Amino acid sequence: MDELANSAGPRPDMVATQCQEFMQCVKDIQFTLREEIKGMCDYRAYENCDYVARMSAEINTQKLVCAISQIETMLKVIQSSS
């Protein structure tokens, strides 16, 4: 901006150099952002979550309770018929 505001007018070589530096900074920022976004895609928020395992255990526990109840009912029927 200082070069553009120069009272003698901007020097083309200085403007070109500063534009190149600015564009390189923009490219570096884009590269960094791409890498960070790729890293975010690789991150698995529920990787350490045990919800699925806990629910599976709870369902299996309920299945066992149901099976035991049915077996007890069958035993009672067998005992009462004997």
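- Under an unreviewed UniProt entry, the name given to the chain is Mediator of RNA polymerase II transcription subunit 11, and the organism recorded is Ceratopteris richardii.
- In UniProt, the chain has this text filed under Subcellular location (unreviewed entry): "Nucleus".
- For the chain, the Subunit (unreviewed entry) comment in UniProt is given as "Component of the Mediator complex."

**Observations regarding the overall build of the chain**
Piece 1. When helices and strands are counted, the chain shows 2 helices and 0 strands.
Piece 2. At 36 Å, the chain has a C-alpha radius of gyration far larger than the 12 Å of a compact globule built from 82 residues.
Piece 3. Counting only C-alpha atoms and orienting by the principal axes, one finds that the chain spans roughly 115 × 15 × 10 Å.
Piece 4. Within the chain, the fraction of its 82 residues that count as buried is 1%.
Piece 5. Of the roughly 7,800 Å² that the chain leaves accessible, carbon and sulfur atoms contribute 62%.

**Here we look at the pattern of salt bridges**
Piece 1. For the structure on display, the rule yields 1 salt bridge.
Piece 2. Residue D50 is joined to R54 by a salt bridge in which the shortest nitrogen-to-oxygen separation is 3.2 Å.
Piece 3. For D50, a relative accessible area of 43% translates into the label partly exposed.

Reading guide: rules and limits
Residues numbered from 1 in each chain as written. Predicted model: local features only at pLDDT ≥ 70, side-chain atom pairs only at ≥ 80, totals over all residues. Heavy atoms only, no water. UniProt positions renumbered as here; feature names shortened; annotations may be inferred. Helix = DSSP H or I, 4+ residues; strand = E, 2+ residues; numbered from the N terminus. Rg over C-alpha atoms; globule rule 2.2 N^0.38 Å. Buried < 20%, exposed > 50% of the residue type's maximum accessible area, 1.4 Å probe, protein only. Areas by Shrake-Rupley, 256 points an atom, 1.4 Å probe, with all protein chains shown as cover. Salt bridge = Lys/Arg side-chain N within 4 Å of Asp/Glu carboxyl O.

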